[in-house]
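So the chains spell out like this:
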Amino acid sequence: DLYMRNFAKAGFVEVVDPQPGDVFLLKIRSDQFNHGGLLVGGGMIMHHLPERLSRREPAGIWGRQIDVWLRYRGQADA
């Protein structure tokens, strides 16, 4: 799973208290994470689906399917 193997290397940490600016990952008709987006606040997310424009919309059904929340902390010095 590309996302799960590499999020820490990219400077992200898993969190349980999502805040605006945090990234979410979920699985759409797959056993691996294949969709993500951003929590923009006020119960709204921003994400992009194939064949559609990126959109800002209420978390609604997506919120119930989110498996992982990530927060960018910065990359360690190489």
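Just above, that's the structure.
Bear in mind the structure is a predicted one, so any value in this text is a computation, not a measurement.

This brings us to the side chain of His35. The topology assignment puts His35 in strand 3 (residues 35–41). Looking at His35, the relative accessible area reads 5%, which means it is buried. A polar atom in the side chain of His35 sits 2.9 Å from the side chain of His47. Leave out the neighbours within four places in its chain, and His35 touches Phe24, Leu25, Leu26, Ile28, His47, His48, Leu49 and Trp62.

This part takes up the environment of Phe7. Inspection of the secondary structure puts Phe7 in the loop between helix 1 (2–6) and strand 1 (12–15). On the basis of relative accessibility, which here comes to 15%, the residue Phe7 falls in the buried class. Each C-alpha atom of the pair Phe7 and Arg71 lies 9.7 Å from the other, and the pair is 64 residues apart in sequence. In this structure Phe7 touches Phe12, Val13, Glu14 and Leu70, once residues within four positions along its chain are discounted.

Moving on: the pattern of salt bridges. For the structure shown, the criterion picks out three salt bridges. Among the ionic pairs, Arg71 bridges to Asp17, the shortest N-O distance being 3.4 Å. Taken together, the positions of Arg71 in strand 6 (residues 68–72) and Asp17 in the loop between strand 1 and strand 2 (23–26) put the pair 54 residues apart, joining distant regions of the chain. You can call Asp17 partly exposed: its relative accessible area is 39%. For Arg55, the salt bridge identified is with Glu57, shortest N-O distance 3.8 Å.

Conventions used here
Residues numbered from 1 in each chain as written. Predicted model: local features only at pLDDT ≥ 70, side-chain atom pairs only at ≥ 80, totals over all residues. Heavy atoms only, no water. Helix = DSSP H or I, 4+ residues; strand = E, 2+ residues; numbered from the N terminus. Buried < 20%, exposed > 50% of the residue type's maximum accessible area, 1.4 Å probe, protein only. Polar contact = N/O pair within 3.5 Å; in protein donor to acceptor, adjacent residues only side chain to side chain. Contact = heavy atoms within 4.5 Å. Salt bridge = Lys/Arg side-chain N within 4 Å of Asp/Glu carboxyl O.

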